[in-house]
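Now for the letters of each chain:
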Amino acid sequence: MGSLTNFAETEIMDHIFNGADGAGSVYTPPATVYLSLHTADPTDTGSMAAECTGTSYARKAIAFSAAGTRAIVQNGVVTFDQAGGAWGTITHWGICDQLAAGGNMLAYGSFAVSKSIVSGNTASVATTEVVITATADVGLSTYCAHKILDFLFRNQAFTPPATYIGLVTANPTDASTGATLTEPS
């Protein structure tokens, strides 16, 4: 399972609550996102320090199915070029907004099984291997979690909503909507 990086969380919070990123403009997700391979955990910081650098290594485009059950799942096998040298033992993945080195990591996670890539290997990531979740403990409704995931990883429209604060007489649930909340009168 994967998580959003600090960068992605900040951009989304600005998008939802401020309607703008730190530069004063609405966040625009990349048209294509790319899978990167790592030999160590990128952590919430989205560190690229342990990204593979071996001969013939390059990030590859990755596609996702529509968000559901607070997650977005890889749709289709991602196949890398044949390694021209050792890439190291791959333990983690990242989702980046840029094909070439640099850019920003949006999400990261670990593979269920690590794999040592040596010269002549062709690394591939099976469909459904990369899953990014927005857990209920982040305080967002399921509706909002799905919108965020589709926005970031599928470039689906998500206009920043008008936001208001309200008082309720009972704790909202994950499925609560504005119409189902009990507000004091």
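Up top you'll find the structure we're talking about.
These numbers come from a predicted model, not from an experiment.

The rules we used
- Residues numbered from 1 in each chain as written.
- Predicted model: local features only at pLDDT ≥ 70, side-chain atom pairs only at ≥ 80, totals over all residues.
- Heavy atoms only, no water.
- 1 Å grid on protein atoms, 1.4 Å probe; cavity = no way out; pocket = protein on both sides within 12 Å on 5 of 7 lines; lining within 4 Å.
- Points joined across faces, edges and corners; volume = space filled by probe spheres on them.
- Helix = DSSP H or I, 4+ residues; strand = E, 2+ residues; numbered from the N terminus.
- Nonpolar A, V, L, I, M, F, W, Y, C, P; charged D, E, K, R; others polar.
- Contact = heavy atoms within 4.5 Å.
- Polar contact = N/O pair within 3.5 Å; in protein donor to acceptor, adjacent residues only side chain to side chain.

With that settled, the discussion passes to the layout of surface pockets. What the largest pocket holds in volume is close to 1,100 Å³. Lining the largest pocket we find 37 residues, and of these Phe17, Gly139, Leu140, Ser141 and Cys144 sit closest to its centre. No other element matches the 5 residues that helix H1 (residues 6-18) contributes to the lining of the largest pocket. Class assignment of the residues belonging to the lining of the largest pocket gives a composition of 22 nonpolar, 12 polar and 3 charged. Computed from the structure, the second largest pocket encloses a volume of approximately 260 Å³. In this structure, the second largest pocket is lined by 16 residues; those nearest its centre are Phe111, Val113, Lys115, Ser124 and Val125. When contributions to the lining of the second largest pocket are tallied by element, the ones reaching two or more residues are strand E7 (105-117) and strand E8 (122-125). Counting residues per element, the lining of the second largest pocket draws most heavily on E7, at 6 residues. When its residues are assigned to classes, the lining of the second largest pocket shows 10 nonpolar, 4 polar and 2 charged.

This brings us to the environment of Glu51. Its place among the elements puts Glu51 in the loop between strand E2 (33-38) and strand E3 (60-62). Taking the C-alpha atoms as reference points, Glu51 and Ile132, 81 residues apart in sequence, are found 19 Å from one another. What Glu51 contacts, discounting residues up to four positions off in sequence, is Ser36, Leu37, His38, Tyr57 and Arg59. A polar atom in the side chain of Glu51 sits 2.9 Å from the side chain of Tyr57.

So yeah, pure geometry; function would need other evidence.
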